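Chain by chain, the residues:
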Amino acid sequence: MPILALMDAIDARIIRALQRDGRLTNLELAEEVGLSPSPCLRRVRNLEAAGVIQGYTALVDQKACGYPITCLVRIRLANHSQENVQAFEKKIAETEAILDCYLMTGGADYELRIVARSLDDYEQLVRHTIQKLPGIASIETSFAYGVVKKSRILPVRVEKGA
């Protein structure tokens with residue numbers, strides 16, 4: 001049974017509240033969702049154990065950390081052998097500047113979100129890391145010059161009857 005089917009409206013409120021502010025104390029969270037502290041903590045622990053809540057982290061400003069450039073990179077592989085795909089994905093996972101990597105449908109096999117300190121920094125990453133991977137057919141890069149929306153909050157809805 002999917003985890004969503006086991007969650008109720010209170011679990012959804014807990015998740016929404018913690019997504020907005022992961023530093024809420026249990027007392028603050030309990031007050032916000034309408035529970036006493038003990039059952040609230042039990043629910044949070046259950047959501048953690050079920051893998052719904054995977055961890056807690058600080059959100060940092062990309063530009064303030066010296067990464068003003070966001071690159072969206074589409075990669076198409078020429079060779080889709082298991083060995084080639086595993087080598088590619090391993091190198092991607094090891095590269096800090098690559099924040100996200102999605103396996104895609106359509107013209108590209110992968111889409112990456114990369115941060116860079118400068119265009120030269122990005123060029124070095126492409127030349128010394130990405131292009132050295134075997135089996136790459138093409139690399140296409142777009143540079144984001146603004147952000148309209150960047151949310152880290154997933155919509156949480158509960159199935160009817162839960």
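One can find the structure itself at the top, above this paragraph.
Reading the values: the criteria
Residues numbered from 1 in each chain as written. Predicted model: local features only at pLDDT ≥ 70, side-chain atom pairs only at ≥ 80, totals over all residues. Heavy atoms only, no water. Pairing = 2+ DSSP bridges. Helix = DSSP H or I, 4+ residues; strand = E, 2+ residues; numbered from the N terminus. Axes fitted to C-alpha atoms, helices over the stretch in contact; angles between N-to-C directions. Contact = heavy atoms within 4.5 Å.

(A) Inspection of the sheet that holds strand β4 (residues 136-144) at higher detail. Strand order in the open sheet formed by 4 strands is β2-β3-β1-β4, with antiparallel pairing between adjacent strands. Looking at the sheet topology across the chains shown, the edges are occupied by β2 (98-103) and β4. Each adjacent strand pair in this sheet contributes to an overall mean axis angle of 20°, direction not counted. Bridge count between β2 and strand β3 (residues 110-116): 5 bridges; the pairing is antiparallel. Bridging from a neighbouring strand, Tyr-102 pairs with Glu-111 of β3. Contacts from helix α6 (residues 119-130) reach β1 (69-77), β3 and β4, with the element oriented near 165° to β4.

(B) Summary view of the side chain of Asp-11. By the secondary structure assignment, Asp-11 is in helix α2 (residues 9-20). Apart from residues no more than four positions distant in its own chain, Asp-11 is found in contact with Leu-6, Arg-43 and Leu-47.

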